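Observations on the three-dimensional arrangement
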Amino acid sequence: MWIVIVLALILRLVLLNQSLWLDEASEALALMGQSSSLFSYILADYQPPLYHVICYLFTHLLGYSEFVLRLPSLISGIFTVYFVIKIAELIGNKKLGIIAGLLSATNPLLIYYSQEGRTYAMTTFFVTASFYYFIKSLKFPSKSTIIHYSLFIILMIWTSYLSWFVLLAQGLYVIWKKRYDLLLLQAVTTMTLLAWLPSFITSLGIGQFTRELSPEWGKVVGGLSWKSLPLTWVKFNIGRISFDNKILYGALVTLIALLHLAILRLVNYRKYFVFLVWLIPPVILGLMTASILPVFAYFRVLFVLPAYLLLLAIGSQKISKVIILSNILFLIIFWFSPRYHRENWRQLSRDLPPNAVVAMPSRAQSTPLLYYSVTQLIIEPAKESISGSTIYYIRYAEDLFDPTKLGQTNLMTSGYTITGERSYSGIQVDIYENRN
């Protein structure tokens with residue numbers, strides 16, 4: 001087991017020091033007290049408060065570096081692998097534990113979010129641990145197991161709203177199994193959320209208002225579309241990479257799908273039905289909710305991925321090396337392809353000259369610049385007067401906040417012309433000079 005854990009740690013340390021991207025920087029500024037209050041940020045972030053409280057403790061003790069901001073996720077990613085191994089050993093044997101552990105240790109998407117200062121890896125850890133103690137409570141009930149199960153129920157429901165669907169699925173399962181003692185336990189632990197109910201209602205209102213104000217924002221952050229479900233499966237298996245050659249991309253995805261179907265058809269689902277309970281209801285309920293609120297995205301349901309990997313481990317014991325090797329291949333492609341890396345605001349900030357004026361479609365998206373101590377004037381050329389000899393126009397989220405390209409038009413009508421362009425990972429910068 002421990003060799004697999006060490007491997008998981010090593011793989012998660014590669015590229016851990018990437019620049020913070022927008023959402024991570026927003027979290028950092030809230031924790032540092034340099035933007036709105038942390039509580040206001042939590043409400044607008046549309047998550048329960050536990051992850052943010054844990055990050056607050058980490059950062060106030062250890063500082064606000066990229067590493068510290070991502071440390072809770074890194075630790076969570078390692079513990080996720082640990083509990084996947086423990087579940088596999090509980091339902092099978094040590095060999096199955098090693099296979100499941102390797103599948104989760106090398107999974108590109110689990111690695112990616114173990115390196116991100118957001119809640120998704122932590123939610124996955126808490127959900128995975130809850131299922132370990134849930135299964136153990138069903139098979140080998142004991143006082144210690146029940147206490148641990150209660151603890152992880154509380155941790156997961158206070159970390160992600162979508163994890164509430166996990167608890168609902170577990171509740172339906174214990175009703176089917178007639179384990180009303182566990183049902184009572186689930187009901188009691190759910191009552192802890194009553195303290196957060198007013199804040200949850202407020203958060204719902206913020207989310208609905210933001211969606212009405214910017215429908216395009218809703219589509220980007222978690223709106224429902226025909227590709228929501230297939231994209232989730234693809235990202236679960238190959239991570240954050242893609243291919244410009246769509247024929248190659250489609251052929252690769254089809255090949256993986258056929259391999260997985262061949263593996264999954266070997267699983268005795270009657271025996272391992274609990275993993276379907278973990279995998280399917282949260283996804284279906286998340287998709288249904290996304291028709292009202294933009295909450296569904298593959299990273300928000302990352303916590304069901306361990307269930308899928310456990311099913312693959314059960315069905316693929318003889319050919320598991322193929323999947324593990326493909327995971328490593330996708331990781332290598334990711335490592336050596338900067339365009340898939342996080343937005344490189346750190347390098348952009350270093351390259352900005354001190355006398356430059358920075359322009360953006362929306363000043364609200366400037367938190368990474370503030371985190372990296374950019375002190376230049378930041379303007380919105382679509383709405384504000386333009387001055388200065390040199391303007392660095394960061395075309396970030398332009399389709400959302402300035403879809404008509406009014407900012408670019410105003411720059412040109414004000415006498416500015418593009419004299420250069422710079423590209424960073426996930427960011428395009430146009431350099432304008434005033435020729436008047």
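Use the structure listed above.
Residues numbered from 1 in each chain as written. Predicted model: local features only at pLDDT ≥ 70, side-chain atom pairs only at ≥ 80, totals over all residues. Heavy atoms only, no water.

Brief notes about the overall build of the protein chain
- Across its full length, the protein chain holds 22 helices and five strands.
- Over its C-alpha atoms the protein chain spans a radius of gyration of 23 Å, differing by no more than 12% from the 22 Å that the globule rule assigns to 436 residues.
- Here the protein chain holds 436 residues, and 56% of them are scored as buried.
- Long-range pairs, those at least 24 residues apart, make up 74% of the contacts in the protein chain between residues at least 6 apart in sequence.
- Per element, the accessible surface of the protein chain, about 19,500 Å² overall, is 67% carbon and sulfur.
- For the protein chain, the distance from the average site of its 34 positive side-chain charges to the average site of its 21 negative ones is 18 Å. (Helix = DSSP H or I, 4+ residues; strand = E, 2+ residues; numbered from the N terminus. Rg over C-alpha atoms; globule rule 2.2 N^0.38 Å. Buried < 20%, exposed > 50% of the residue type's maximum accessible area, 1.4 Å probe, protein only. Contact = heavy atoms within 4.5 Å. Areas by Shrake-Rupley, 256 points an atom, 1.4 Å probe, with all protein chains shown as cover. Lys, Arg positive; Asp, Glu negative; His and termini not counted. Charge placed at Lys NZ, Arg CZ, Asp CG, Glu CD.)

Some remarks on the sheet that holds strand β1 (residues 357-359)
- As summarised here, the arrangement of the five strands in space is β2-β1-β3-β5-β4, forming an open sheet in which the pairing is mixed. Since the sheet does not close on itself, it has two edges, and those belong to β2 (378-379) and β4 (416-424), each with one partner.
- Of the pairings in the sheet, the one linking β4 to strand β5 (residues 427-434) comprises eight bridges and is antiparallel in character. Along β5, the bridge assignment pairs Y416 with N434.
- Along the sheet, helix α22 (residues 406-413) makes contact with β3 (390-394), β4 and β5, crossing β3 at roughly 165°. (Pairing = 2+ DSSP bridges. Axes fitted to C-alpha atoms, helices over the stretch in contact; angles between N-to-C directions.)

Looking at the side chain of Q115
- Checked against the element boundaries, Q115 lands in the loop between α7 (108-113) and α8 (120-139).
- A distance of 2.8 Å separates the side chain of Q115 from the backbone oxygen of R12, its partner in a polar contact.
- Not counting the four nearest positions on each side in its chain, Q115 is found in contact with L11, R12, L13, V14, L15, L16, Q18, E24, R70 and R342. (Polar contact = N/O pair within 3.5 Å; in protein donor to acceptor, adjacent residues only side chain to side chain.)

Re the pattern of salt bridges
- According to the stated counting rule, one finds 14 salt bridges in the structure shown.
- Put simply, E24 and R342 hold a salt bridge, and the shortest N to O gap is 4.0 Å. Linking E24 in helix α2 (residues 22-32) with R342 in the loop between α18 (320-335) and α19 (345-351), this pair joins segments that are 318 residues apart in sequence.
- Exposure remark for E24: the relative accessible area of 2% places this residue in the buried category.
- Judged by its relative accessible area of 4%, R342 is buried.
- In this structure, the salt-bridge partner of R179 is D181, at a minimum N-O distance of 3.0 Å.
- Judged by its relative accessible area of 44%, D181 falls in the partly exposed class.
- It is possible to trace a salt-bridge network through shared partners that takes in E24, R70, E116 and R342. (Salt bridge = Lys/Arg side-chain N within 4 Å of Asp/Glu carboxyl O.)

Focus on the packing of helix α14 (residues 228-238) against helix α15 (residues 246-264)
- The N-to-C vectors of α14 and α15 enclose an angle of 85°; their axes lie 11 Å apart at closest approach. Taken together, α14 and α15 sit at an angle that is classed as roughly perpendicular. Contacts between α14 and α15 involve W233, V234, N237 and I238 on the former and, on the latter, Y249, V253, I256, A257 and H260.
- Residue classes in the contact of α14 with α15 are distributed as seven nonpolar, two polar and no charged. (Parallel < 35°, antiparallel > 145°, perpendicular 65-115°, else oblique. Nonpolar A, V, L, I, M, F, W, Y, C, P; charged D, E, K, R; others polar.)

Brief notes about α18
- Given a rise of 1.5 Å per residue, 16 residues ought to cover 22 Å, and the 23 Å separating the end C-alpha atoms of α18 matches this to within 8%.
- Three or more residues of α18 are buried, namely S320, I323, I324, N327, F330, L331 and F334. One side of α18 carries all its buried residues, which in axial view fall inside an arc of 120°. In α18, the exposed positions angled more than 90 degrees off the buried face are occupied by K321 and L325.
- Next to the buried residues of α18 lie α1 (2-13), α6 (94-106), α7, α14, α15 and α17 (305-315). (Expected span 1.5 Å × (residues − 1). Arc of directions from axis to C-beta.)

Remarks on the environment of Q47
- On the secondary structure map, Q47 appears in the loop between α3 (38-45) and α4 (50-62).
- Sequence separation between Q47 and I98 is 51 residues; the distance between their C-alpha atoms is 33 Å.
- If sequence neighbours within four positions are ignored, Q47 has contacts with I42, H52, T119, Y120, T159, S160, Y161 and W196.

Notes on the side chain of E24
- A distance of 2.6 Å separates a polar atom in the side chain of E24 from the backbone nitrogen of G117.
- What E24 contacts, discounting residues up to four positions off in sequence, is S19, R70, Q115, E116, G117, R118 and R342.

A look at the pairing of β3
- The buried fraction of β3 amounts to five of the five residues, a majority that puts the element mostly inside the structure.
- Neither face of β3 is exposed, since T390, Y392 and I394 on one face and I391 and Y393 on the opposite face are all buried.
- Both β1 and β3 contribute to a ladder of three bridges, which runs parallel. Note on β3: the bridge partner recorded for V358 is Y392.
- Strand direction decides the pairing type here: β3 and β5, joined by five bridges, are antiparallel. Its bridge partner lying in β5, Y392 is registered against I431.

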